[in-house]
Each structure stands twice: as C-alpha cells, then as structure tokens.
Amino acid sequence: MTRDVQILSAPVRAALGDRDVVVFDGVCVLCSGFFRFVLRHDAAGRFHFVTAQSALGQALYRDLGLPTDAFETNLVIVDGRIHERLDAFAAAMSALGGPWRALAAARFVPEPLRSGLYHAIARNRYRIFGRTDLCMIPAPDVRARFLDLDRAA
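As the structure is a computational prediction, the values presented were derived from the model and not from experiment. (Residues numbered from 1 in each chain as written. Predicted model: local features only at pLDDT ≥ 70, side-chain atom pairs only at ≥ 80, totals over all residues. Heavy atoms only, no water.)

### Focus: the overall build of the protein chain
And step 1. Helix and strand content of the protein chain: six helices and five strands.
And step 2. The C-alpha atoms of the protein chain give 14 Å as radius of gyration, which agrees with the globular expectation for 153 residues (15 Å, within 12%).
And step 3. Along the first, second and third principal axes, the C-alpha set of the protein chain runs to 40 × 35 × 30 Å.
And step 4. Out of the 153 residues in the protein chain, the part that is buried amounts to 45%. (Helix = DSSP H or I, 4+ residues; strand = E, 2+ residues; numbered from the N terminus. Rg over C-alpha atoms; globule rule 2.2 N^0.38 Å. Buried < 20%, exposed > 50% of the residue type's maximum accessible area, 1.4 Å probe, protein only.)

### Comments concerning the pairing of strand β3 (residues 47-51)
And step 1. For β3, a buried count of five out of five residues is recorded, marking the element as mostly surrounded by other parts of the structure.
And step 2. Burial along β3 is two-sided: the residues F47, F49 and T51 and H48 and V50 are all buried.
And step 3. In the sheet, strand β2 (residues 20-24) pairs with β3 via five bridges, with the strands oriented parallel. Bridge pairing in β3 links V23 to V50.
And step 4. Each parallel crossover has a hand, and for β2 linked through helix α2 (residues 29-41) to β3 it is right-handed. (Pairing = 2+ DSSP bridges. Right-handed = clockwise from strand over helix to strand, strands pointing away.)

### Structural notes on the side chain of R125
And step 1. Of note, R125 is situated in helix α5 (residues 111-129).
And step 2. In terms of polar contacts, R125 uses its side chain to reach the backbone carbonyl oxygen of A122, at 2.6 Å.
And step 3. When near neighbours in sequence (up to four residues on either side) are disregarded, R125 contacts D25, C28, L30, C31, F71, E72 and G130. (Polar contact = N/O pair within 3.5 Å; in protein donor to acceptor, adjacent residues only side chain to side chain. Contact = heavy atoms within 4.5 Å.)

The following block contains the structure:
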C-alpha cells in the first residue's frame, strides 16, 4: 500500500519535511536490524529515521489509522510517498540503489502471499527475533538523522 504524505497532519508533514524516512519499531530486534542495514548501506545519507515509539512515530501511525501500541506495519517514505509493509522494504532497497535494488523485486510477489508472509513475520517478530527493553541510543552522528515533532523542518 502506498499513500501520499499530503494526507498527514500539518505538524507531521512539517517534521518530516521532504526527507526520505524509515520508521521502525525501536524495541524489535528485526526492525532495528533493518534500520542498521539501511544506515550502513545508505552511502548518500538519503534516509532519516523515526522510531515508532517517538512522538513523531506515534503521530504518524495515528494519521495513517494504524495502531499506536503494536507496530506491525513498517513504514518507509520515499519521494513523498508512504510505503507500508513489504512495499516499504522494496522502496527502501530501490532507493539505496546498487546491488540492493534487486531486492526491490519483493514488490512483485503476488499479493496474497506477500501479505500472508509479512503478517506472519510481523505478528511473531518478538518471539522469533526478540525484543529489547529499551530503544537504542544512537551515536551523535546518527542521532542527527533521527526526526521527531520538536525538530520540525
């Protein structure tokens, strides 16, 4: 599923600006691993980051009508479009470019299989991959790439 950022509230749009963003569950080991993967391979520094537990993450999930207590839907915003679930992964891989672009083929998995696989992993991610008690605290250079409501535009 893909939506335009214009559907978001004005404060959320202001905080996001025109940046490309990865929104992830900061206590999920799998989700944090995805964040670290994008950070490591984003040589251009294209992406900024938001944890689902932050004020901006909560506002973003509310604006999209998603639960704010169970973050089973990962989000990636690229070029003003909000991508969800496996489409979010595909959009991030495409934006990273290089050899990672091949992984964007995930968007061509037939819909019933794509949704079923995604939801099975999302529902069981803590049990399979684990969770941490606290969100990670990024180093200062990485912290500058995190967004929140109080750091608008």
